[in-house]
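Here is how the chains run, residue by residue.
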Amino acid sequence: MAKKKIAVIGIGKISQDQHLPVIDKSKDFELAACVSTRGIGHGNVPVFKTPAELYAAMPEVGLVSICTPPNVRHQMVREALDAGKDVLLEKPPTPTLAEFDDLVAYGRKKKKVLFQTWHSQYNEAVDATKKILKKEGVTSVRIDWRESVRKWHPGQDWVWEPGGFGVCDPGINAMSIFTKIMPFPVFVASSKLKYPANRQTPVDVEIVFKSGEKHQPKLSAGFNWLEESGEIWTVSIETEKGTKLRLERGGTVLVVNDLVVIQNKSEEYEGIYDRFAKLLKKGKSDMDGAPLRLISDAFFLGARENVDDFNW
């Protein structure tokens, strides 16, 4: 079958590191165009400054992958739906739940496929953990998500602006794993957010969760954006049967009782494009807002503390 033509809107670090290389080798998709306000392209495909220019010049392109910062995502997704496009969205989806819910409803109204991606969910180790927790239950979960903003968002000031999420930009990846593997609903009980005195989003976050379970499992998470020793992306779990699990390296490795049982290289973005292809064949959307809801509640309930200035 012929590959489907897709355009990528927003050519930043995540597009260049993940989306474009994955599309290049995809069996389902072919890159047709790029949209970049800075005029950045990829290969020999046309480059447009705005989505409107793309839609006018290449109406035959029926799919778009939107990889812009989240604060402009709502308008761009609506514009794409109005142009008759099916849409894949990078995470985080939108700055607010109201915008996210509106996109879900608008996509349904336009009868187009919308796919909110959560790349950290696309790991064998995550799926295996979900099955174990469904069978054995949960007594505790501790999430530690630490990385360097200077490495992963070099010079990108938008992450420090209102709506930029701060350290919750990577932290929402942990929430996407958390909400997928848990066998019962979880809620934010309290949170503490540390803000650089010269910035508008947090650099460190500590969250305590609760549930409706009678045995009251202990659930918490910590995010930090100044970890220079290397990435710490770990979910530590104890089940009601006493099994100790660790999801490591962002969900690509599963350790059970100190034995590595799954260890894969990361192919998360290959996974999301495979999923998109399946959704398109079925004509179905997949708009999971659970990770965004937990992050939103962490901000809503957050106690703020100002800490040292952050400078690049």
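Quick notes on the rules
Numbering of residues begins from 1 in every chain and follows the order in which that chain's sequence is written. Selection of residues for local features in this predicted model requires a pLDDT of at least 70, selection of side-chain atom pairs for listing and counting requires 80 or more, and totals for whole chains, interfaces and linings are taken over all residues. To obtain the side-chain values, all non-hydrogen atoms of the structure were included, while hydrogens and water were left out. A run of H or I in DSSP counts as a helix once it spans at least four residues, and a run of E counts as a strand once it spans at least two, with each numbered from the N terminus. Two things to know: the radius of gyration comes from C-alpha atoms, and the globule rule equals 2.2 Å times the number of residues to the power 0.38. We call a residue buried when its accessible area falls under 20% of the maximum for its residue type, exposed when it is over 50%, and partly exposed in between, using a 1.4 Å probe and counting protein chains only. Each accessible area value is a Shrake-Rupley result obtained with a 1.4 Å probe; residue values ignore everything except the protein chains displayed when judging cover. None of His or the chain ends enter the tally, which takes Lys and Arg as positive and Asp and Glu as negative. For charged residues, the charge sits on one atom: NZ in Lys, CZ in Arg, CG in Asp, CD in Glu. A pair of strands is treated as paired once DSSP finds two or more bridges between them. Only heavy atoms enter the contact rule, under which two residues are in contact if any of them lie within 4.5 Å. The axes used here are C-alpha line fits, helices contributing only the stretch in contact, and every angle between their N-to-C directions lies in the interval 0 to 180 degrees. In this scheme Phe, Tyr and Trp rings, the latter by its six-membered ring, pair at centre separations within 6.5 Å, and the angle between planes marks the pair as stacked below 30 degrees, edge-to-face above 60, and tilted otherwise. The criterion is simple. A nonpolar core is a set of buried Ala, Val, Leu, Ile, Met, Phe, Trp, Tyr and Cys residues joined through side-chain atoms within 4.5 Å. Oblique is the label for any angle not under 35 degrees, not over 145, and not in the 65 to 115 range, which are roughly parallel, roughly antiparallel and roughly perpendicular in turn. Charged residues are taken to be Asp, Glu, Lys and Arg, nonpolar residues to be Ala, Val, Leu, Ile, Met, Phe, Trp, Tyr, Cys and Pro, and polar residues to be all remaining types, Gly included. Each patch groups residues whose relative accessible area exceeds 30% and which form no salt bridge, using 9 Å between like charges and 5 Å between nonpolar side chains of Val, Leu, Ile, Met, Phe, Trp and Tyr. Salt bridges are identified by distance alone: a Lys or Arg side-chain nitrogen within 4 Å of an Asp or Glu carboxyl oxygen.

**A few points about the overall build of the protein chain**
Okay, step 1: Along the backbone of the protein chain there are nine helices and 15 strands.
Okay, step 2: In terms of C-alpha radius of gyration, the protein chain reaches 20 Å, essentially the compact-globule figure of 20 Å for 312 residues.
Okay, step 3: For the protein chain, buried positions account for 51% of its 312 residues.
Okay, step 4: Approximately 14500 Å² of the protein chain is accessible, and the part contributed by carbon and sulfur atoms is 49%.
Okay, step 5: Side-chain charges of the protein chain comprise 44 positive and 41 negative groups, with the mean position of each set lying 6 Å from the other.

**A look at the sheet that holds strand 3 (residues 47–48)**
Okay, step 1: Pairing in this open sheet of six strands is parallel, and the strands run 3-2-1-4-5-6 from one edge to the other. Across the chains shown, the open sheet's two edge strands, defined by having one partner strand only, are strand 3 and strand 6 (114–116).
Okay, step 2: Sheet topology places strand 4 (residues 63–66) next to strand 5 (residues 86–89); four bridges connect them, and they run parallel. Counted as the bridge partner of Ile 66 is Leu 89 from strand 5.
Okay, step 3: On top of the sheet, helix 1 (residues 13–24) reaches strand 1 (4–9), strand 2 (29–35), strand 4 and strand 5; it is set at about 140° to strand 2, its chief contact.

**Focus: the packing of aromatic side chains**
Okay, step 1: Going through the model one piece at a time under the given rule, you end up with nine aromatic pairs.
Okay, step 2: Pairing Trp 160 with Trp 225 gives two aromatic rings, centres 5.2 Å apart and planes at 55°, and the pair type is tilted. In this pair, Trp 160 sits in the loop between helix 6 (149–152) and helix 7 (168–181) while Trp 225 sits in the loop between strand 10 (218–224) and strand 11 (232–238), placing the two residues 65 residues apart along the sequence. Exposure class is identical for Trp 160 and Trp 225. Each is buried.
Okay, step 3: Connected via pairs of aromatic rings, a cluster forms that spans Phe 29, Phe 115, Tyr 273 and Phe 276.

**Looking at the nonpolar core**
For soluble globular proteins, the rule of thumb is that nonpolar side chains tend to be buried together.
Okay, step 1: Among the nonpolar cores identified, the biggest contains 71 residues, and Met 175, Phe 178, Met 182 and Phe 223 are the most heavily contacted of them.
Okay, step 2: A per-element tally of this core places helix 7 first, with seven residues.
Okay, step 3: When neighbours within four sequence positions are excluded, Phe 223 is seen to be in contact with Trp 145, Val 167, Cys 168, Gly 171, Ala 174, Met 175, Val 203, Asp 204, Val 205, Ile 207 and Ile 295.

**Overview of the sheet that holds strand 13 (residues 253–256)**
Okay, step 1: The sheet built from nine strands is open, its strands ordered 14-13-12-11-7-10-9-8-15 with mixed pairing. The open sheet is flanked by strand 14 (259–263) and strand 15 (302–307), the only strands paired with a single partner. Taken pair by pair, the neighbouring strands of this sheet meet at an average axis angle of 15°, ignoring direction.
Okay, step 2: Bridge count between strand 7 (residues 140–146) and strand 10: seven bridges; the pairing is parallel. Bridge pairing in strand 10 places Ile 143 opposite Ala 221.
Okay, step 3: Strands strand 11, strand 12 (244–248), strand 13 and strand 14 of the sheet are contacted by helix 5 (residues 124–136), whose axis makes an angle of about 155° with strand 12.

**Comments concerning the packing of helix 5 against helix 7**
Okay, step 1: Packing of helix 5 against helix 7 leaves a shortest axis separation of 8 Å and a crossing angle of 40°. If you check the angle between helix 5 and helix 7, you find them oblique. Between helix 5 and helix 7, the residues in contact are Val 126, Asp 127, Thr 129, Lys 130 and Leu 133 and Ile 177, Lys 180 and Ile 181, respectively.
Okay, step 2: Class assignment of the residues belonging to the contact of helix 5 with helix 7 gives a composition of four nonpolar, one polar and three charged.

**Quick look at a positive patch on the surface**
Okay, step 1: A cluster of basic residues, Lys 4, Lys 278, Lys 281, Lys 282 and Lys 284, forms a positive patch on the protein surface.
Okay, step 2: Per-element accounting of the positive patch gives the leading share, three residues, to helix 8 (residues 268–282).
Okay, step 3: Among the structural elements, Lys 282 can be located in helix 8.

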